[in-house]
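Topology and contacts: notes
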Amino acid sequence: MKKRILIRASVSPFAVHKPIDVICQKVIGNNTGNLLFAYSMTRTLYTEDTEIDFLADKEVAHGKVSAEFINENYDYLVLPMANSFRKQFMQCMGMWTGIIEKLTIPVVVTGIGIQMPYEPDVTEKHVYDECAKKFITAVLNHSSSVGVRGTITESYLKHLGFGSNDIDVTGCPSFAMFGPGLPVREKKPLTAESAVCVTGSVSNPINFKEFMIRNREVLPNYCFMPQFVDDLRLMYLGIPLPITNDSQVLYPHLINDEVFVNDKARFFINFPSILEFNKDIDFNYGTRIHGAVGSILAGVPSFLFPTDARIRELAEYHNVPNMPASEVDENTNIFDIYEKTDFSQVNNGHEERFWHFVDFLNNNGLPHIYQDKNRTVVPFDEKIKDIEFEGPIHSLTTCSKEEMIERIAFGNELLMKEQKAVCDKYAEEAKNLKADIKALKVKEKRLNWYERSSSARIAASRVKHKIIKDK
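Source: prediction; values computed, not measured.

1. Points about the nonpolar core
Membership of the largest hydrophobic core comes to 100 residues, with the highest contact counts inside it found for Phe283, Tyr285 and Phe305. By residue number, the principal contributor to this core is helix H2 (residues 34-45), which donates seven residues. Ignoring anything within four residues of it in the chain, the contact list for phenylalanine 283 reads Leu190, Ala195, Val196, Cys197, Val300, Pro301, Phe303, Ile334, Tyr338 and Phe343. In terms of nonpolar packing, the next biggest core, distinct from the first, is built from 44 residues, Met93, Trp96, Ala138 and Ile152 among them.

2. Concerning the state of the cysteines
Enumeration according to the criterion identifies zero disulfides in this entry. Here cysteine 172 stays free of any disulfide, with the sulfur of cysteine 197 as its closest cysteine sulfur at 17 Å. Cysteine cysteine 223 remains unbridged, with the sulfur of cysteine 197 as its closest cysteine sulfur at 6.0 Å. Residue classification places cysteine 223 among the buried residues on the basis of a relative accessible area of 8%.

3. Some thoughts on the sheet that holds strand E10 (residues 283-286)
Ordered in space as E9-E8-E10-E11, the four strands form an open sheet in which the pairing is parallel. Of all strands in the sheet, those bounded by a partner on one side alone are strand E9 (222-225) and strand E11 (302-304). Taking each pair of neighbouring strands and ignoring which way they run, the sheet shows an average axis angle of 15°. Note: strand E8 (residues 196-199) against E10, four bridges, orientation parallel. Within E10, the residue paired with threonine 199 across the bridge is glycine 286.

The rules behind these values
Residues numbered from 1 in each chain as written. Predicted model: local features only at pLDDT ≥ 70, side-chain atom pairs only at ≥ 80, totals over all residues. Heavy atoms only, no water. Core = buried A, V, L, I, M, F, W, Y, C linked by side-chain atoms within 4.5 Å. Buried < 20%, exposed > 50% of the residue type's maximum accessible area, 1.4 Å probe, protein only. Helix = DSSP H or I, 4+ residues; strand = E, 2+ residues; numbered from the N terminus. Contact = heavy atoms within 4.5 Å. Disulfide = S-S within 2.5 Å. Pairing = 2+ DSSP bridges. Axes fitted to C-alpha atoms, helices over the stretch in contact; angles between N-to-C directions.

In short, shape yes, function no, at least from these values alone.
Here you go:
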């Protein structure tokens, strides 16, 4: 009988989606980086003797699955995770904890990490500490250890009271995508003709944004690869980025930005299209860890500029060439960085890290393709090879007139629906507030009546007492 595995993933790696699905249904979550570790875990665990299904956080948050259902239908629950120890994930983590505590099957967590500044203090208190402690405790009751993304997260969990045997530094499973070896291309000179992929986000520090803009002039054959759904809304529908302190500072936030007008941006909604794109890329640099991983897995020389501890610990564990984004200044030269970097260093220790990850899977009793070291056929690859996935998404400005009109019309309709939802929400809140005010007025009226009645009774009592006394 086949083993049944349930994997935490926003979307099945076998599913084909359109940009509108990603925008409206959030089928990949909020970040395309989610695609990589779910894809890798599925490829690793998908054997001739396993069946795999997928469960998204939003389904858990909305109470659409129960522990009883999981116990009855699956043999393992596998949770590939990322920067889950953060305030914004507390509610969802609490929901997962409630389910895991009721499970009778093994639960395996890998790649989980903490979101902290680049120079972290793991001893400081966080609002999610107790939530994290309950979650890890629940998982350890169903597994031999928890796989964390780096030594910073390891130190954090030890500070919470967990022992060395409870925690296993396994990095991100996306690095284990294709086994114990990583492809490394020959390092060619970086020139103005080189095809360069740039990753970044709206929250990047200003000094790094300035660095990216300067590099456009000297590396004009660049392609910007954003990862967030808000960026896709902007590119595909022309909807501006939400206004924040970061969004309008040196970042493409309107559809008339030169990055979009000149067709210099690509958005990806599946992993196969990322791999295909990287076949023609000569160099990747930026602040996004999974933007780098997609290139590294294709052999592209890649350099990372970590902005915080969650990116730093992965870069350090997996030996990705890097320097802190905060150290970039007006004198930082991308050609110098490229020339001085040994991009093959990512392979140093990779085989050892890979087999350590396999040992982690073995210790937790998970079936996987590497149990057969003589395997020549990978079931996942066989299943996926004939699926036609959506290619890179280009910006609205590059479309035909007909498609542009269609996209803009859909974007306007979407905005109107979202505005109506906000208005309805405020109207409902106003209605409830009005009802509360009315109830308060009724209570105030009754209280005033009671006070007047009480005053009248006291006055009458005093008069009666005075009459009796005068007699």
